[in-house]
Amino acid sequence: MGRAWTRQQWVQIDLAKRANVYAILIWHFHSQARVYRDVVVQVSDDPTFKSGVNTIFSSDFSNDLGLGAGKNLNYIETYQGKLIDAKGATGRYVRLYSNGNTANKLNHYIEVEVWGKPAA
């Protein structure tokens, strides 16, 4: 039997050099109230995210993505986006996962802002 189509997707941002990341702001589709499932945000120096991964946000409380169970609450998307405190996490790459939403199987990354400064 073939594998069922999955909704899990990710986007990755290369900051061009190592940085201390203090905040990440995410906008998914927000003209209708919906919750994006299993949102996980990670920072790493490894572009493959196989080592040195720091998870700064995870609403995947049932570990559907296989990245570890998260403790953050789901949230309803708004025009204001979702502000995540990255607490100075250090890395060159930022990866954002999601697993569909309450309206359909799409992930709709509209905009992502990463706020920080070059690492010493």
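Preceding block: the structure.
Procedures and definitions
Residues numbered from 1 in each chain as written. Predicted model: local features only at pLDDT ≥ 70, side-chain atom pairs only at ≥ 80, totals over all residues. Heavy atoms only, no water. Phe/Tyr/Trp six-rings, centres within 6.5 Å; stacked < 30°, edge-to-face > 60°. Helix = DSSP H or I, 4+ residues; strand = E, 2+ residues; numbered from the N terminus. Buried < 20%, exposed > 50% of the residue type's maximum accessible area, 1.4 Å probe, protein only. Lys NZ or Arg CZ within 6 Å of the ring centre and 35° of its normal. Salt bridge = Lys/Arg side-chain N within 4 Å of Asp/Glu carboxyl O.

## Let's talk about the packing of aromatic side chains
Given two aromatic rings, their pairing is described by the distance between the two centres and the angle made by the two planes.
Item 1. Scanning the model with the defined rule gives 1 aromatic pair in all.
Item 2. Geometrically, the ring pair formed by Phe-57 and Tyr-75 is edge-to-face, given 6.2 Å between the ring centres and 75° between the ring planes. Residue Phe-57 is found in strand 3 (residues 54–58), and its partner Tyr-75 is found in the loop between strand 3 and strand 4 (82–98); the two are separated by 18 residues along the sequence. Per residue, the accessibility class of Phe-57 equals that of Tyr-75, and both read buried.
Item 3. Directly above the aromatic system of Tyr-75 lies the positively charged group of Lys-82, at a separation of 5.1 Å from the ring centroid.
Item 4. Note that Arg-95 overlies the ring of Trp-10, its terminal NZ or CZ placed 3.6 Å from the centroid.

## Brief notes about the pattern of salt bridges
Item 1. Per the stated rule, a full pass over the model turns up 2 salt bridges.
Item 2. With a closest N to O distance of 2.7 Å, Arg-92 and Asp-14 form a salt bridge. On the criterion of sequence distance, the pair formed by Arg-92 in strand 4 and Asp-14 in strand 1 (residues 9–28) is long-range, its members being 78 residues apart.
Item 3. Close ionic contact of Arg-18 with Asp-45 constitutes a salt bridge, the shortest N to O distance being 2.7 Å.

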